[in-house]
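# A look at the structure
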Amino acid sequence: MNILVINCGSSSLKFQLIDSESEKLIAKGLCERIAIEGSRLVYTPAGGEKQITEAPMRDHKEAVSLVLKALTDEKTGVVKSLDEIGAVGHRLVHGGEHFSKATLITEEVKKAIQDCCELAPLHNPANLIGIEACEALMPGTPMVGVFDTAFHQTMPEEAYMYAIPYRYYQDYKIRRYGFHGTSHAYVSKRAAAVLGQPVESLKTIVCHLGNGASVSAVKYGKCIDTSMGLTPLEGLVMGTRSGDIDPAIIEFIAHKEGKSIDEIMNILNKESGVYGLSNGFSSDFRDLEDAYLEGNEDAARALKAFSQRVIKYIGAYVAEMDGADAICFTAGLGENSPIIRDMVCASLSYLGITLDEEANHKRGEEIIISRPGSGTKVLVIPTNEELAIARETAEIVKS
Ligand code: AMP
């Protein structure tokens, strides 16, 4: 069955068409600058040339319409008609406590996603618009929602509760939710496959290190803790997000600089992380690594603090799980940066880890990068959230 995977942001829409039987990518692309001047569709059929079409897209429905037109185009399309698309899998950011797994989208489900808008005001409304645009243009095609938060719903209460008055949980559902769940689930399963052991027998720590970054503790196939919280701001140092800070810093800056809460939240989300730590040098780890290797102190400060937080979370999760069989690196930085993996693993000799330097410098494959005999195994597992969404969608539609 061909599954169209849609990841809808506020002004963008990424898509992939995947054959769920062969798990092969058929086409992919994205719509950029939706409802903004200069919108364009980038479309690449598998094995074909990338095509860029400048076209006005007043809203997400027009964007979806252009995507469907590209997929069915006589010359460059990959399917003859929309009937060849069996289902649509939507990447959804926040499922709150409503969703612990992927689900067929119904009117009731849409209402529940709407209920979670308050928890993800930038993402959930855009996700809903994407669903409705697809429903309008592909009536009768089953739609499935795959939530970023779902995998983390197995966390025990002591891991997801904040030590603030309990009524805030009761009244507003303030708690840790965690994000990147589709990636954490996919990577922990793939790591088990690479190690040739059932995921239910392993204690795994997944480090999803990209522009947004999070770590999770996956014990016997279930998430028991993760570093992102009510929002994706908590946890590791990220590209421009601060990660964990003393909450009193917010009040301190507000008083010192007469700033509003919104202004400070903007600083913590957009001007902090390695960007802030490097004194505005860059939020891109490639730039930072190049500068670090040339002796730039701003870049060194940022990368060292970034790695230190990863080391700290790994230590915490080893303690929580009473050990770890595997540590996995994934996402843009986790998959592509031997430097960061080296910096992190240099502090993990207490787990019996030594890196195989040759393996650590390989790219684009699922690989064990610790030396044979290492107590805890270290792996690089390229994440594939779209494939994970296509798999979950196919499973639900078939059942
Ligand atoms: P993601 O959010 O998963 O797309 O990851 C984006 C981050 O990965 C950016 O900060 C990139 O700089 C970083 N990244 C991608 N490729 C590399 C690389 N070869 N070396 C270091 N960082 C990289």
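Residues numbered from 1 in each chain as written. Predicted model: local features only at pLDDT ≥ 70, side-chain atom pairs only at ≥ 80, totals over all residues. Heavy atoms only, no water.

Time to look at the nonpolar core. Counting residues in hydrophobic clusters, the biggest one holds 45 residues, and the most contacted among them are Ile-205, Cys-207, Leu-209, Phe-306, Ile-314 and Ile-327. Taken together, the elements giving at least two residues each to this core come down to strand S9 (203-209), strand S10 (213-219), helix H10 (285-293), helix H11 (297-321), strand S12 (326-330), helix H13 (338-345) and strand S14 (377-380). Considering every element that reaches this core, the biggest residue donor is H11, with 10 residues. Not counting residues within four places of it along the chain, the set of residues in contact with Cys-207 comprises Ser-214, Val-215, Val-310, Ile-314, Ile-327, Cys-328, Phe-329 and Thr-330. (Core = buried A, V, L, I, M, F, W, Y, C linked by side-chain atoms within 4.5 Å. Buried < 20%, exposed > 50% of the residue type's maximum accessible area, 1.4 Å probe, protein only. Helix = DSSP H or I, 4+ residues; strand = E, 2+ residues; numbered from the N terminus. Contact = heavy atoms within 4.5 Å.)

Glancing now at the packing of helix H1 (residues 60-72) against helix H3 (residues 124-137). Interhelical geometry of H1 versus H3 gives an angle of 55° and a closest axis separation of 9 Å. If you check the angle between H1 and H3, you find them oblique. When you trace H1 past H3, the crossing you get is right-handed. Contact with H1, carried on its side by His-60, Lys-61, Val-64, Ser-65 and Leu-68, involves Ile-129, Ala-133, Cys-134, Ala-136 and Leu-137 of H3 and no other residues of that element. When grouped by side-chain class, the residues that make up the contact of H1 with H3 number seven nonpolar, two polar and one charged. (Axes fitted to C-alpha atoms, helices over the stretch in contact; angles between N-to-C directions. Parallel < 35°, antiparallel > 145°, perpendicular 65-115°, else oblique. Left-handed = near helix turned anticlockwise from the far one by under 90°. Nonpolar A, V, L, I, M, F, W, Y, C, P; charged D, E, K, R; others polar.)

Sheets are built from strands paired through backbone hydrogen bonds, the pairs being either parallel or antiparallel. The eight strands are arranged S5-S4-S3-S2-S1-S6-S8-S7 in an open sheet whose pairing can be described as mixed. Looking at the sheet topology across the chains shown, the edges are occupied by strand S5 (51-54) and strand S7 (103-104). With six bridges joining them, strand S3 (residues 24-32) and strand S4 (residues 40-45) adopt antiparallel strand pairing. Of the residues in S4, the one forming a bridge with Cys-31 is Leu-41. In the packing of H1 onto the sheet, contacts are made with strand S1 (2-8), strand S2 (13-19), S3, S4 and strand S6 (85-92), and the angle to S2 comes to roughly 35°. (Pairing = 2+ DSSP bridges.)

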